[in-house]
Every structure is written in C-alpha cells, then in structure tokens.
Amino acid sequence: MEQEKQIHTEVVDIDDLIQDDHNFNKGTEAGAELMDRSLKELGAGRSILIDKHGNIIAGNKTQLAAIKAGIKKVRIIETTGDELVAVKRTDVDLDSEKGRKMALADNATNQVNLEWDEMELANAAKDFDIDMNEWDMALPDIADPDEQPTTEAKDVKELKLVFTPEQYSFVLSALRKYGDDFTHSLLQILNINE
Amino acid sequence: MSDTINIEDLKQDSKNFNKGTYEGETLVRKSIERLKAGRSILIDKDNNIIAGNKTAAAAGSLGLKVKVIETDGTELIAVKRTDLDINSKEGREMALADNRTAQVNLAWDEQNLEEAALQFDIDPSQWGVNFENNAPTAISKGEIDVGTFDTNQTLVVKLTSLQYEAVIDKLKVVNPDLQEALLEILGYYA
C-alpha cells in the first residue's frame, strides 16, 4: 500500500476490496451494461462505500464494472461519516456533454441496475433487527425463511396497488399519519374494524 | 489533493435531471441523521454538483462539512467508514439506505433532460431512459436493450380475507379503479 502524506488516504489494488456476499441488490444485466459504458466512456464518478475491513457496503457492481474498464487502483478516503465526501472531477465541466452524461448516467444506472434480493433483505431484517418499515420497505412480500406456514397465514391476502412515484410518496405519507403499520392505517382510514 | 469546505461552497445544479420526491428527501435525511454520511457526491472542476444534489442539500441542513477529493476519473474512490462493520445493524442499514434512497428519490425532470439532450446531442435512450406519453420510463432503445423498466411502485397491504373483501367493497364505492379510489379518499386530487 502507498501512503499519501498529510491526508488520510491510501491507494490499494481494486481486487483488495471485498464483495458483499449478502448484497441486497442482485443487479440487472441491463444495469451492468450501462455501468460498463459509463466507466469506459466517462471514467469513475461517485465513490463507492466500504467498511473498516474493506467490505463493500455500497457500490459492489461499480467495483466489478471498474475492473472491466481497466481501473486497477482505488483511493481510500477514511472518515467516520461526520463530513460529506465530494469527488471532484477536475477534468469535467457540468455544462458539457461529458458533464451532463455523467449526471444522466448516475441516475440511470441506479434506476436500471436495482433488483432487490428479498431473501437477503429478509435475512438481514431478522439477523440485525432492522425495521424495513422505516425504509419504506414494508411493501415487498418478504418471506421469513425460518417461518413455517401456519393456518393463520393462509388466511392472509395481499392488496396490491400500483402508483406513480409521486402518488406513492403521497399515499405513504398519508398512511403513516395513522402509524407505521399500513394494514392498521388503511383499515382506520376506511373505517373498517380490525 | 484534499480540502475541506462548507456545503454552501458547492453549487446546486439548476438543471438537475432529477426533481426528487418528498419521500426520498425524508429518507435521505433520515439516513444521514441516523447513519451519517455514506458514499460521496460528485462535483465538477468548478464545484457544481453533478450527482448528489439532494444528498448535499440534506447534509447541509444537518451542518456537515465537505471533504473534497480531486481526481481525473482514472481511479476509483472508496469512502471508508472506519467506524462501520457491514455485518452490523448500522452496516446493513447503510447498504439498504444507499439503494433505497436512490430508488425512492428519483423523479425524472423530463424538460431538463430534453433540453440537455438537444444542447449536447445526448441520446437518453442510450442510457436506458425514455419518455412516453409524458410518463418517465426507462425503455429499450438505441444500443442498450434494457427491456421495459417500470418506475411505478407497488403498495402491498396484508389483510385477512374478511378485511380484504371489506376494503375492496369500500374502495369500489368510490371508484372502480382501486388505485384511483384510494387516491381520492386520501385527498390526492384535492
């Protein structure tokens, strides 16, 4: 490892970073293609995020695409999260074809490359006591891998309603006024006994 | 080179392709408040924010400063949270928040995107983004076959059979389209 002086950075081989084998995001083929194109055509953009052991918390797919694009080194910026890190591309002007493509690519790759791994989510929720409601994740039908089907469970039906993102945000906010349990909220709003 | 500056020294993109959403803004703020800052934002040579405008706004309102890392894009930057272990509640929530905030907080600004596409001869469909009938969707076109990507989001509520029937009945009285019925009841169109 090369140590840079004065600032808390070090440079490591990209292969030294460890992929998350319980990644919540399975990724998509189309997303991988976009990421490959972005890194080859525009170079590296936002950082990835790693933990104190070099495990990748966010940006697992970016590491893979960066390797394919021929990037061999990673500059590590240490922080405890009390400040925001900004990667400054000294060769890019936002109001240029390259700058605007980078802005587009950042949003588009995030959108296209996300496919939730519901089993990993369910396991993490259980193992680490994470309340998915707090991240608006009560919605997916996440099966508990350790839970056996019960007679009571067979009586459960799912009401699925599809909204645009703006409508969805509005509906969640409205339901949350009655609590984080959306079943309870909906029944309250419709004046139906639980 | 590394430098620490105030958030106010960064310039928000007045032609941002992403309008953001109320729910996304809430989640971004919650993420920073609870887990502190995660992966970086991206700025240009003049400190204009290329990616992460919403993150910067939330971080600024929470009083965070900005550490600027200069690069020409030939190396990858990794923010290392020396206080985090991925195999902990905070580590896993950080992984969840990174994906979830990006998902919930995206609402394409069609006009800004079209103007930039025209000005800089960019084909958004080559980046998996297209607009049809004024509805933002990412659709197969150009060199990248992304298939059809639906930006809509599904609300799933678990109910007993009796509750389910009662809910359907109540909604249908308002509007046969159940989505529309719930929106009307909640005052979306008010």
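The coordinates are above.
Rules and cut-offs
- Residues numbered from 1 in each chain as written.
- Chains lettered and ligands numbered in written order.
- Predicted model: local features only at pLDDT ≥ 70, side-chain atom pairs only at ≥ 80, totals over all residues.
- Heavy atoms only, no water.
- Axes fitted to C-alpha atoms, helices over the stretch in contact; angles between N-to-C directions.
- Helix = DSSP H or I, 4+ residues; strand = E, 2+ residues; numbered from the N terminus.
- Parallel < 35°, antiparallel > 145°, perpendicular 65-115°, else oblique.
- Left-handed = near helix turned anticlockwise from the far one by under 90°.
- Contact = heavy atoms within 4.5 Å.
- Nonpolar A, V, L, I, M, F, W, Y, C, P; charged D, E, K, R; others polar.
- Buried area = accessible area lost by both parts, 1.4 Å probe.
- Salt bridge = Lys/Arg side-chain N within 4 Å of Asp/Glu carboxyl O.
- Polar contact = N/O pair within 3.5 Å; in protein donor to acceptor, adjacent residues only side chain to side chain.
- Pairing = 2+ DSSP bridges.

A.B. asks: Quick question: what am I supposed to make of the packing of helix α1 (residues 29-42) of chain A against helix α3 (residues 97-112) of chain A here?
C.D. replies: When two helices pack together, you describe them by how their axes are tilted relative to each other and by the distance separating the axes. Residue and element names in this part refer to chain A. Two elements in contact, α1 and α3, have axes whose closest approach is 9 Å; the angle formed by their N-to-C orientations is 160 degrees. By the angle between their axes, α1 is roughly antiparallel relative to α3. The crossing of α1 and α3 is left-handed. Contacts between α1 and α3 pair Ala-30, Gly-31, Leu-34, Met-35, Ser-38, Glu-41 and Leu-42 from the former with Lys-98, Lys-101, Met-102, Ala-105, Ala-108, Thr-109 and Val-112 from the latter. Looking at the contact of α1 with α3 residue by residue, the class counts come to eight nonpolar, three polar and three charged.

A.B. asks: I tried to follow the interface of chain B and chain A on my own but got confused; where do I start?
C.D. replies: Interfaces are often sized by the amount of accessible area the parts lose when they come together. Listed as interface residues are 120 residues of chain B and, on the opposing side, 119 residues of chain A. Surface buried jointly by chain B and chain A totals about 12,100 Å² across both partners, of which 64% is contributed by carbon and sulfur atoms. The largest share of the area that chain B buries against chain A comes from Leu-76, Lys-80 and Trp-127 of chain B, three residues that together contribute 8% of it. Linking chain B to chain A there are eight salt bridges. Where chain B packs against chain A, one counts 61 residue pairs in polar contact (both at pLDDT 80 or more). If you tally residues by element for the side of chain B that touches chain A, the top one is helix α3 (residues 89-104) of chain B, at 13 residues. Examined bridge by bridge, strand β5 (residues 73-79) of chain A and strand β5 (residues 76-81) of chain B share six bridges and lie parallel to one another. Along β5 of chain B, the bridge assignment pairs Arg-75 of chain A with Ile-77 of chain B.

Interpretation note: all reported values are geometric properties and have no functional meaning in isolation.
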